[in-house]
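Spelled out, the chains give:
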Amino acid sequence: MRVVVTGANGQLGRTLRYLSPWTEVAYLSHADLDVTSRVALSRFFEQFRPQWVVNCAAYTAVDRAESEVDAAYQVNALAPRLLAECAAEVGAHLLHISTDYVFCGEGNLPHTEQAVPAPEGVYARSKRAGEIAALDAGNALVLRTSWLYSYYDRNFFRTILTKCLQQTSLRVVYDQVGTPTWATNLAQAIIAIVNKECRETGIFHYSDLGVCSWFDFACYLRSLIGATNTLVPIRTSEWQAAAPRPSYSVLDSGYTRAYFNLSALSWMEGAKACFEELTHRESGAFFQREYMERC
Ligand SMILES: NC(=O)c1ccc[n+]([C@@H]2O[C@H](COP(=O)([O-])OP(=O)(O)OC[C@H]3O[C@@H](n4cnc5c(N)ncnc54)[C@H](OP(=O)(O)O)[C@@H]3O)[C@@H](O)[C@H]2O)c1
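Throughout what follows, the structure given in this document is the object of discussion. In this text the structure is predicted, and so the values were computed from the model without any measurement. (Residues numbered from 1 in each chain as written. Predicted model: local features only at pLDDT ≥ 70, side-chain atom pairs only at ≥ 80, totals over all residues. Heavy atoms only, no water.)

A word on the overall build of the protein chain
Okay, so step 1: A tally of regular secondary structure across the protein chain gives 11 helices and 12 strands.
Okay, so step 2: On C-alpha atoms alone, the protein chain measures out to a radius of gyration of 19 Å, which is about the 19 Å that the 2.2 N^0.38 rule sets for 295 residues.
Okay, so step 3: The principal-axis extents of the C-alpha atoms in the protein chain amount to approximately 55 × 40 × 40 Å.
Okay, so step 4: A total of 295 residues make up the protein chain; the buried ones form 52% of that total.
Okay, so step 5: A sequence separation of at least 24 residues applies to 82% of the contacts in the protein chain between residues at least 6 apart.
Okay, so step 6: When the accessible surface of the protein chain is totalled, it reaches about 12,800 Å², and 49% of it is carbon and sulfur.
Okay, so step 7: Charge separation in the protein chain, taken as the distance between the mean sites of 26 positive and 30 negative side-chain charges, equals 4 Å. (Helix = DSSP H or I, 4+ residues; strand = E, 2+ residues; numbered from the N terminus. Rg over C-alpha atoms; globule rule 2.2 N^0.38 Å. Buried < 20%, exposed > 50% of the residue type's maximum accessible area, 1.4 Å probe, protein only. Contact = heavy atoms within 4.5 Å. Areas by Shrake-Rupley, 256 points an atom, 1.4 Å probe, with all protein chains shown as cover. Lys, Arg positive; Asp, Glu negative; His and termini not counted. Charge placed at Lys NZ, Arg CZ, Asp CG, Glu CD.)

What follows is the structure, encoded as structure tokens:
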């Protein structure tokens, strides 16, 4: 199986690289391959002849997107079209990652793949445009996920752990509800789908199991390290973010799990496993560093 992974220096891309599931694979960072360049995509695909392209590249700065509309649309909307078209030229299939933010947050039942998207904000609208563009080409599977976090980079998981270790008092939003998803679980699902070689098209949902608010998630992370810092629940309106976020964006991934025979962990099991990965891979260095910064 020859696979191209774009956006390979992002948290999902790095997770896939760490798991190393394929022998013939090109992990391409932004510097290696700009997914907004048709010429670069076409040239690379002609040379490498992938069977699958896994697109982990995205413009993910949700608030900054409000003032960088063109940049967000180039990566989130134009690139999926180019990727799908260039993949089709060499007979490859595209697995494109999208987001729970395509839903506006109305209702209180998990969104199935059939639920009608109603994206709000530039990031969400650009991601929805990317879904449509990728699907138009006829060779793409769009996999939506939610509240992604990992061992890598800056994300909610690492930020909260750091702040808790530093005994910083934190205000955390309690009126946005979704499902945190450990990037390793999503990566395992991607690997299973690609390895099935079924070349399915359409929209699929994959997130960890269960439901919580950002505040619940933070409380759970604090409990993992036994910290006692104060966590104050606040409303979204008190956070004053530039971009709107859905108040309820839980994905129903039951159909996708059954269709591809995928396993899943609860969001708490995922967070615990990510925490164990952090302690194992950094041999305590993370904790020492954060404590040192505090002293
Ligand atoms: N993070 C979340 O909470 C979340 C939730 C739901 C869905 N998702 C979706 O999950 C996917 C993976 O997200 P992630 O958290 O892994 O994102 P990430 O860590 O921000 O990684 C995105 C990667 O895309 C690269 N990139 C940006 N522009 C590019 C371009 N023109 N050409 C090639 N690469 C480019 C970035 O490289 P540079 O930094 O060098 O530009 C970065 O390495 C995305 O589709 C995202 O929309 C994320």
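Overview of the side chain of Thr 179
Okay, so step 1: Take Thr 179: it is sitting in the loop between strand S8 (177-178) and strand S9 (181-182).
Okay, so step 2: A polar atom in the side chain of Thr 179 sits 2.6 Å from the backbone oxygen of Gly 210.
Okay, so step 3: Residues within four places of Thr 179 in sequence aside, it is in contact with Ser 146, Trp 147, Ser 207, Asp 208, Leu 209, Gly 210, Val 211, Val 250 and Trp 267. (Polar contact = N/O pair within 3.5 Å; in protein donor to acceptor, adjacent residues only side chain to side chain.)

Here we look at the site of the ligand
Okay, so step 1: Taken together, 24 residues form the shell around the ligand, and within it His 30, Asp 34, Thr 60, Tyr 123 and Lys 127 come nearest.
Okay, so step 2: Between the ligand and Gly 10, the relevant distance is 3.0 Å, taken from an oxygen atom to a main-chain nitrogen or oxygen of the residue.
Okay, so step 3: Between an oxygen atom of the ligand and a side-chain N or O atom of His 30, the distance comes to 2.8 Å.
Okay, so step 4: Relative to its unbound accessible area of 900 Å², the ligand is 79% covered by the protein chains.
Okay, so step 5: At the level of elements, helix H1 (11-19), strand S4 (93-99) and helix H4 (122-136) are the ones that each hand at least two residues to the shell around the ligand. (Near = heavy atom within 4 Å.)

Function cannot be read off these values alone, since they describe shape.
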